[in-house]
Amino acid sequence: MQVFRVTMSDGARKFHTAIQAPDAAAAETKAADYFDTSKWQILNVRRAGVVSVRPEAQSVAA
């Protein structure tokens, strides 16, 4: 899973949000579903990093 930084604007204000998604298209779709796109225009979607998955806890046999 990757992290994408989505920049949005309503004309007067601008803000950024981070969205986890498999690719940029999915991140843009998630942003459009979550935010009111009739008010907030998506300006930019860029990859910010990768979400690392923690390894499962291992039990140690004594």
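To keep things clear, this report deals only with the structure shown in the data block. Not measured: the values here are computed from a predicted model.

This paragraph deals with the packing of aromatic side chains. If you walk through the whole model with that rule in mind, you get three aromatic pairs. Seen in terms of ring centroids, Phe-15 and Trp-40 are 4.8 Å apart; in terms of plane orientation they differ by 90°. Their pairing is edge-to-face. On the criterion of sequence distance, the pair formed by Phe-15 in strand 2 (residues 14–21) and Trp-40 in the loop between helix 1 (24–34) and strand 3 (41–50) is long-range, its members being 25 residues apart. Take Phe-15: its relative accessible area is 22%, and that puts it in the partly exposed class. The class for Trp-40 is buried, based on a relative accessible area of 14%. Taken together, a centroid distance of 4.9 Å and an interplanar angle of 85° make the contact between Tyr-34 and Phe-35 edge-to-face. A relative accessible area of 18% means that Phe-35 is categorised as buried. A connected cluster of aromatic rings, assembled from ring pairs, spans Phe-15, Tyr-34, Phe-35 and Trp-40.

With respect to the helices and strands, the residue Leu-43 is situated in strand 3. Each C-alpha atom of the pair Leu-43 and Val-6 lies 7.6 Å from the other, and the pair is 37 residues apart in sequence. Aside from chain neighbours lying at most four places away, what touches Leu-43 is Thr-7, Met-8, Ser-9 and Lys-14.

Moving on to the nonpolar core. The biggest cluster of nonpolar side chains holds ten residues, and these are Phe-4, Val-6, Met-8, Ile-19, Ala-21, Ala-27, Ala-31, Phe-35, Trp-40 and Val-45. Of all elements in the fold, only strand 1 (2–9), strand 2 and helix 1 reach the threshold of two or more residues within this core. Here the element with the most residues in this core is strand 1; it accounts for three residues. Ignoring any residue separated from it by four or fewer positions in sequence, one finds Met-8 in contact with Arg-13, Lys-14, Phe-15, Phe-35, Trp-40, Gln-41, Ile-42 and Leu-43.

Note on sheets: strands pair through backbone hydrogen bonds, and any given pair is parallel or antiparallel. Spatially, 2-1-3 is the arrangement adopted by the three strands of the open sheet, whose pairing is antiparallel. Pairing within the sheet leaves two strands with one partner each, and these edge strands are strand 2 and strand 3. On average, adjacent strands in this sheet sit at an angle of 25° to one another, irrespective of strand direction. Relative to strand 2, strand 1 runs antiparallel, the two being bridged by eight bridges. Bridge pairing links Thr-7 to His-16 in strand 2. Here helix 1 sits on the sheet and contacts strand 1, strand 2 and strand 3; the angle it forms with strand 2, its principal contact strand, is near 120°.

Cut-offs and rules
Residues numbered from 1 in each chain as written. Predicted model: local features only at pLDDT ≥ 70, side-chain atom pairs only at ≥ 80, totals over all residues. Heavy atoms only, no water. Phe/Tyr/Trp six-rings, centres within 6.5 Å; stacked < 30°, edge-to-face > 60°. Helix = DSSP H or I, 4+ residues; strand = E, 2+ residues; numbered from the N terminus. Buried < 20%, exposed > 50% of the residue type's maximum accessible area, 1.4 Å probe, protein only. Contact = heavy atoms within 4.5 Å. Core = buried A, V, L, I, M, F, W, Y, C linked by side-chain atoms within 4.5 Å. Pairing = 2+ DSSP bridges. Axes fitted to C-alpha atoms, helices over the stretch in contact; angles between N-to-C directions.

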